[in-house]
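Working through the structure, step by step
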Amino acid sequence: MTEKKLGFIGVGNMGGAIVKALLNSKVVLPENIWCSSRTSGKVKKIQEDFPIHAAATNEELVENSDIIFMGVKPQDFFSVLEPLSSLIAQEKIVVSMAAGIPISDIKKVLQNHPRVVRIMPNTPIEVCKAVVGYCPDKQDAGTDAAMTSILQPLGYVVQVSEGDQFQALTVACGSGTGFVFELLQYWQEWLEGYGFDKDVARNMAVQTFLGAAHLAERQEQHPLDLLQSRVVSKKGVTHAGLESMRELEIERALRISFEKAVLRDSELGRK
Ligand SMILES: NC(=O)c1ccc[n+]([C@@H]2O[C@H](COP(=O)([O-])OP(=O)(O)OC[C@H]3O[C@@H](n4cnc5c(N)ncnc54)[C@H](OP(=O)(O)O)[C@@H]3O)[C@@H](O)[C@H]2O)c1
C-alpha cells in the first residue's frame, strides 16, 4: 500500500476508473485520495462508496497531494495545468494520462520542475486487468518505485519510450479495448442472427474471447500461431473461415484502422 497522497484532477471515464481500482484493490486508503472535477457530480458519486476528499478547487487538491494525476481531456489539459504551475512544488510528481501530449510540452509549463510521468491505461483498469504504458521524464529510482507500487496492482505495466512506441501502445491498448468491443459486437450480432437470445449471444462472444485470452496467458510458452493451429485442421471448419478472413485482408483493414488512430493521436498532440 502506498502512503503517498494522490490527487486526481478529473474523475471521468479514466480518472474515475483509476480511483475506484486503487480503492477496490486497497492500493491506497481513501483518506489519501483527493479528487476534483469541473462539476461536483462525479466526485460525489465516488464519495457514495468511499470517504475520499473532494477538493473545492484544483489548487486545494495540488496543495494536499504528492502525486497529481491529470485526468482531463487533452483539449482541456493546459488550460487546467497552467494556472496550477507555480503551486506544483519540485518534489511532487505530475502524472499525465492524456493522449497525444508529449512530456516536453508538459514540462514547459511547470515552473518548479517537478517530475513528470506519462501513463496510458485502458478501461479494464476498472477490474485491475489493464495494460498501462509507463514513461517517466527520466529514470529515477524513487519515482519508479512510487509509480510501480501504484500501477502494478492495476494490471500489466509496460515501460515504453516516448514517441512511436508510446503512440503504438496508445492505439493498440489504450484504444485497443474499443476495437475489441467492436469485434465482440460483431460476434454477438452474428449469433443473434441465428436466433440466440441477446444475453446468451453476448456471453458466448465474451467467453470465447476470454477463453482464448486466458489460454494464451496460461500457456505463454507457446506462440500464438501454435495455439491457433490446435483449432485448425486441414480442410476443416476453422480452416475455411480463416482462409476467407485472409482473402478479405482483415489484417490489412485492421492495420489501416490502427494507423488512422495513430494519425488522430498525432493531431491531438499538435493541438
Ligand atoms: N477513456 C479512455 O479509455 C482513456 C484511455 C486512455 C487515456 N485516456 C485519457 O484520459 C483523459 C480523460 O479522458 P476521459 O475519457 O476520462 O474523459 P472524461 O470522461 O470526459 O473526464 C474528464 C474529466 O475532467 C474533468 N474536468 C474538466 N475540466 C476540469 C477542470 N477545469 N478541473 C477539474 N476537472 C475538470 C471533468 O469534469 P466534469 O465531468 O465535471 O465535466 C471530468 O471529470 C484524457 O486525457 C484521455 O486522453 C482515456
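Further up the page is the structure itself.
Keep in mind that what you see is a predicted model, and the values were worked out from it rather than measured.

What follows concerns the site of the ligand. Near the ligand there are 22 residues, and of these Met14, Arg38, Thr39, Lys42 and Val72 occur at the shortest range. In this structure, an oxygen atom belonging to the ligand sits 3.3 Å away from a main-chain N or O atom of Gly12. With respect to the ligand, the backbone of Val72 contributes an N or O atom lying 2.8 Å from an oxygen atom. Starting from 900 Å² of accessible surface for the ligand in isolation, the protein chains cover 84%. Broken down by class, the residue content of the shell around the ligand amounts to 11 nonpolar, eight polar and three charged.

On to the sheet that holds strand β7 (residues 130–136), then. The strand order across the open sheet formed by eight strands is β3-β2-β1-β4-β5-β6-β7-β8, and the pairing between neighbours is mixed. The open sheet has two edge strands, β3 (53–54) and β8 (155–159), and neither has a second partner. Inspection of the sheet shows strand β1 (residues 6–9) paired to strand β4 (residues 67–70) by four bridges, in the parallel sense. Across the sheet, the residue bridging to Gly7 is Ile68, located in β4. With respect to the sheet, helix α1 (residues 13–24) is in contact with β1, β2 (33–36) and β6 (115–120), its orientation differing from that of β1 by roughly 155 degrees. Helix α6 (residues 141–151) rests against β1, β4, β5 (93–96), β6, β7 and β8 of the sheet, and its axis sits at about 170 degrees to β7.

Here the structure, examined in full by the defined rule, presents five aromatic pairs. For the ring pair Phe8 and Phe69, a centre distance of 4.5 Å and an interplane angle of 10 degrees mean the geometry is stacked. With Phe8 in strand β1 and Phe69 in strand β4, this pair connects stretches of sequence that are 61 residues apart. Phe69 carries the same exposure label as Phe8, and that label is buried.

Here we come to a nonpolar patch on the surface. Side chains of Trp190, Tyr194, Phe196 and Val200 sit close together on the surface and give an oily, nonpolar patch of about 470 Å² of accessible area. Here Trp190 shows up in helix α8 (residues 176–193). Judged by its relative accessible area of 57%, Trp190 is exposed.

By the secondary structure assignment, Gln167 is in helix α7 (residues 164–174). Look at Gln167 and you get buried, because its relative accessible area is 15%.

With that out of the way, let us pick up the packing of α8 against helix α9 (residues 198–218). The relative placement of two packed helices is expressed as an angle between their axes plus a distance between the axes. α9 packs onto α8 with a crossing angle of 135 degrees between their chain directions and a minimal axis gap of 8 Å. Of the possible angle classes, the one that applies to α8 and α9 is oblique. Judged by the sense of rotation from one axis to the other, the crossing of α8 with α9 is right-handed. Contacts between α8 and α9 involve Val180, Leu183, Leu184, Trp187, Gln188, Leu191 and Glu192 from the former and Lys198, Ala201, Arg202, Met204, Ala205, Val206, Thr208 and Phe209 from the latter. Per-class residue counts for the contact of α8 with α9 are 10 nonpolar, two polar and three charged.

Core analysis: the largest hydrophobic core is formed by 34 residues, its most contacted members being Phe8, Ile18, Leu22, Ile67, Phe69, Ile119 and Met147. The element that contributes the greatest number of residues to this core is α1, accounting for seven residues. Beyond its immediate sequence surroundings of up to four residues, Phe69 is in contact with Leu6, Gly7, Phe8, Ile9, Val95, Met97, Ile119, Met147 and Ile150. By size, the runner-up hydrophobic cluster in this structure holds 29 residues, among which are Ala55, Val72, Cys173 and Leu268.

What counts and how
Residues numbered from 1 in each chain as written. Predicted model: local features only at pLDDT ≥ 70, side-chain atom pairs only at ≥ 80, totals over all residues. Heavy atoms only, no water. Near = heavy atom within 4 Å. Polar contact = N/O pair within 3.5 Å; in protein donor to acceptor, adjacent residues only side chain to side chain. Areas by Shrake-Rupley, 256 points an atom, 1.4 Å probe, with all protein chains shown as cover. Nonpolar A, V, L, I, M, F, W, Y, C, P; charged D, E, K, R; others polar. Pairing = 2+ DSSP bridges. Helix = DSSP H or I, 4+ residues; strand = E, 2+ residues; numbered from the N terminus. Contact = heavy atoms within 4.5 Å. Axes fitted to C-alpha atoms, helices over the stretch in contact; angles between N-to-C directions. Phe/Tyr/Trp six-rings, centres within 6.5 Å; stacked < 30°, edge-to-face > 60°. Buried < 20%, exposed > 50% of the residue type's maximum accessible area, 1.4 Å probe, protein only. Patch = residues over 30% accessible without salt bridge, like charges linked within 9 Å, V, L, I, M, F, W, Y side chains within 5 Å. Salt bridge = Lys/Arg side-chain N within 4 Å of Asp/Glu carboxyl O. Parallel < 35°, antiparallel > 145°, perpendicular 65-115°, else oblique. Left-handed = near helix turned anticlockwise from the far one by under 90°. Core = buried A, V, L, I, M, F, W, Y, C linked by side-chain atoms within 4.5 Å.

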